[in-house]
Amino acid sequence: MVARRDQRAQREISAWRPRVPGVVEVFHAHYTGYAYPMHVHEAWTLLIVDDGAVRYDLDRHEHGTPHDTVSLLPPHVPHNGSPVTPHGFRKRVLYLDLTQLDASLIGPAVDSPDLVDPLLRRRVGQLHTALARPGDELEAESRLALVGERLRGHLRRRPDASTGTAGTRTGGTGTAGTGSARTARRADRTVAQQLRELLDARLVEGVGLAEAARLLHAHPSHLVRAFSGAFGIAPHQYLMSRRVDRARRLLLDGQPPGEVAAATGFYDQPHLNRHFKRLVGVAPGRFRGSGRHDGGRSRG
């Protein structure tokens with residue numbers, strides 16, 4: 001991660017390349033006296049503004065980024081950017097490659113780059129949080145899958161209601177529809193169980209969502225939804241809780257937290273500390289110190 005503050009230009013930036021397929025770069029910035037000239041990117045630009053506002057031109061049309069708006073600027077289309085207020089703006093940007101949003105969506109994005117969608121805005125913020133934490137790549141991939149799904153929903157044109165293919169039942173009877181729904185639920189349950197078995201088998205080394213999708217022949221966002229629907233917990237939450245559970249056993253065996261972190265698949269000891277405290281309520285060191293290492297057991 002690169003972080004830099006330029007006092008003369010009143011600019012603060014932080015940029016890094018996460019270990020998450022599909023994310024080319026994460027860029028956080030606070031600018032008070034800077035305007036972007038016209039430029040292009042080879043990746044999609046997914047932008048949220050946390051403070052202030054940005055005015056920009058895209059394809060010779062003026063746009064803006066009021067609070068709670070998500071802006072999606074397509075690749076290879078020139079745009080600029082400048083602050084609307086004297087105190088500038090604070091923004092968070094994800095640059096996404098074409099595996100997340102394909103080239104067929106460029107036209108709709110040019111027509112409507114600013115999306116007013118509170119749920120999407122919240123999910124993008126959660127994705128940024130996950131991307132800033134090394135070791136939480138599965139969570140970031142899961143959140144990215146849901147963000148991509150919602151973006152595609154905004155950009156893809158829905159079937160025309162006049163054709164009768166949108167929002168109508170198929171098969172002509174309620175029985176057929178019910179049968180199809182049951183089949184879909186069984187299929188979701190099967191793929192959820194397969195993903196759980198994969199996570200269990202790869203508890204320490206982990207598995208990325210993209211790899212899991214290839215192995216199980218399912219779309220990443222479908223995996224996340226099927227797993228969450230079947231078990232009431234997201235895949236990354238399940239994996240971290242399993243790792244914490246194993247860490248508890250090793251800590252009570254007397255192993256130090258640093259060794260336990262490596263043995264249970266955490267990125268480092270701070271990564272273990274964060275998830276352990278969230279799930280157990282105390283830090284690993286304190287948990288280890290509270291136990292008896294003579295064969296006694298801790299409950300809770």
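What counts as what
Starting from 1, residues in each chain are numbered consecutively following that chain's sequence as written. Owing to the predicted nature of the model, reporting of local features is limited to residues with pLDDT of at least 70; listing and counting of side-chain atom pairs is limited to 80 or more, with chain, interface and lining totals taken over all residues. Excluded from the side-chain calculation are hydrogens and water; included are all heavy atoms of the structure. Starting at the N terminus, helices and strands are each numbered in turn, a helix being any DSSP run of H or I of at least four residues and a strand any DSSP run of E of at least two. Under the rule applied, a polar contact is a pair of N or O atoms within 3.5 Å (in protein, one hydrogen donor and one hydrogen acceptor; residues adjacent in sequence only if both atoms are side-chain atoms). In what follows, a contact means two residues having at least one pair of non-hydrogen atoms within 4.5 Å. Buried and open spaces are told apart on a 1 Å grid over the protein atoms alone, a cavity being a set of points where a 1.4 Å probe fits but cannot get out and a pocket being an open set with protein on both sides within 12 Å along at least five of seven lines. Residues with an atom within 4 Å of a point are the lining residues. Grid points are joined across faces, edges and corners, and a volume is the space filled by probe spheres set on the points. The residue classification treats Ala, Val, Leu, Ile, Met, Phe, Trp, Tyr, Cys and Pro as nonpolar and Asp, Glu, Lys and Arg as charged. All others, Gly included, are polar. Nine residue types can take part in a nonpolar core, namely buried Ala, Val, Leu, Ile, Met, Phe, Trp, Tyr and Cys, and a core is a set of them joined through side-chain atoms within 4.5 Å. Burial classes follow relative accessibility: with a 1.4 Å probe on protein chains only, a residue under 20% of its type's maximum area counts as buried, one over 50% as exposed, and anything between as partly exposed. Think of a salt bridge as a Lys or Arg side-chain nitrogen and an Asp or Glu carboxyl oxygen that are within 4 Å of each other. A pair of strands is considered paired only if DSSP assigns at least 2 bridges between the two. A helix's residues, less one, multiplied by 1.5 Å, set its expected span.

Engineer: Please clarify how the side chain of Asp117 should be interpreted in this entry.
Structural biologist: Topologically, Asp117 is positioned in the loop between β11 (114-116) and α2 (118-131). Of note is the side chain of Asp117, whose polar atom sits 3.1 Å from the backbone nitrogen of Leu120. With residues near it in sequence (within four places) discarded, Asp117 still touches Asp68, Arg150 and His154.

Engineer: Even after reading the chapter, I still don't get the layout of surface pockets, so can you show me in this structure?
Structural biologist: The volume enclosed by the largest pocket comes to roughly 330 Å³. Around the largest pocket, the lining is made up of 22 residues, and of these Pro21, Thr99, Gln100, Ala210 and Pro220 lie nearest the centre. Looking at the lining of the largest pocket, the elements with two or more residues in it are α3 (137-155) and α5 (209-216). For the lining of the largest pocket, the leading source of residues is α3, giving five residues. Considering only residue class, the lining of the largest pocket consists of 11 nonpolar, five polar and six charged. Computed from the structure, the second largest pocket encloses a volume of approximately 290 Å³. If you trace the second largest pocket, you find 20 residues lining it, with Glu137, Leu138, Glu205, Gly206 and Val207 closest to the centre.

Engineer: Looking at this structure, how should I read the nonpolar core?
Structural biologist: Side chains that are nonpolar tend, in soluble globular proteins, to be buried together. Counting 31 residues, the largest nonpolar core has Trp44, Leu46, Leu94 and Leu151 as its most contacted members. Elements supplying a minimum of two residues to this core: β3 (23-31), β5 (44-52), β6 (54-58), β8 (69-73), β10 (89-96), α1 (106-111), α2 and α3. When residues no more than four places from it in sequence are discounted, the contact partners of Leu151 are Leu46, Leu72, Leu101, Leu115 and Leu120.

Engineer: So what exactly am I meant to see when it comes to the pattern of salt bridges here?
Structural biologist: According to the stated counting rule, one finds 16 salt bridges in the structure shown. Measuring nitrogen to oxygen at the nearest pair gives 2.8 Å for the salt bridge that ties Arg92 to Asp50. A residue pair is termed long-range when its members are at least 10 positions apart, and Arg92 in strand β10 and Asp50 in strand β5 qualify at 42 residues. Owing to a relative accessible area of 28%, Asp50 belongs among the partly exposed residues under this scheme. The partner of Asp136 in a salt bridge is Arg274, with the nearest N and O atoms 3.4 Å apart. Note that Asp136 is positioned in the loop between α2 and α3 and Arg274 in helix α9 (residues 269-280), a separation of 138 residues in sequence.

Engineer: Would you mind showing me how to read the pairing of β3 here?
Structural biologist: The two faces of the sheet receive side chains in turn, since in a regular strand these alternate between them. One ladder, built from six bridges, connects strand β2 (residues 11-16) with β3; its direction is antiparallel. Residue pairing in the sheet places Ile13 in a bridge with Ala29 of β3. The loop that links β2 with its antiparallel partner β3 comprises six residues; one of these, Gly22, has a positive phi angle of about 100°.

Engineer: Any chance you could explain the side chain of Arg133 here in plain terms?
Structural biologist: With respect to the element layout, Arg133 can be found in the loop between α2 and α3. Take Arg133: its relative accessible area is 16%, and that puts it in the buried class. Aside from chain neighbours lying at most four places away, what touches Arg133 is Glu139, Arg274 and Arg278.

Engineer: Is there a simple way to explain the environment of Val23 in this structure?
Structural biologist: By secondary structure assignment, the location of Val23 is in strand β3. Taking C-alpha positions, Val23 is 5.9 Å from Tyr95, a pair spaced 72 residues apart along the chain. Leave out the neighbours within four places in its chain, and Val23 touches Pro18, Leu94, Tyr95, Leu96 and Leu144.

Engineer: What is the right way to read α2 from this model?
Structural biologist: An α-helix turns once every 3.6 residues. As a result, residues three or four positions apart point the same way. The end-to-end C-alpha distance of α2, which contains 14 residues, comes to 20 Å, matching closely the 20 Å that a straight helix rising 1.5 Å per residue would cover. Listed in full, the buried residues belonging to α2 are Leu120, Arg121, Arg123, Val124, Gly125, Leu127, His128, Ala130 and Leu131. Looking at where α2 begins, the residue whose side-chain oxygen comes 3.1 Å from the main-chain nitrogen of Leu119 is Asp117.

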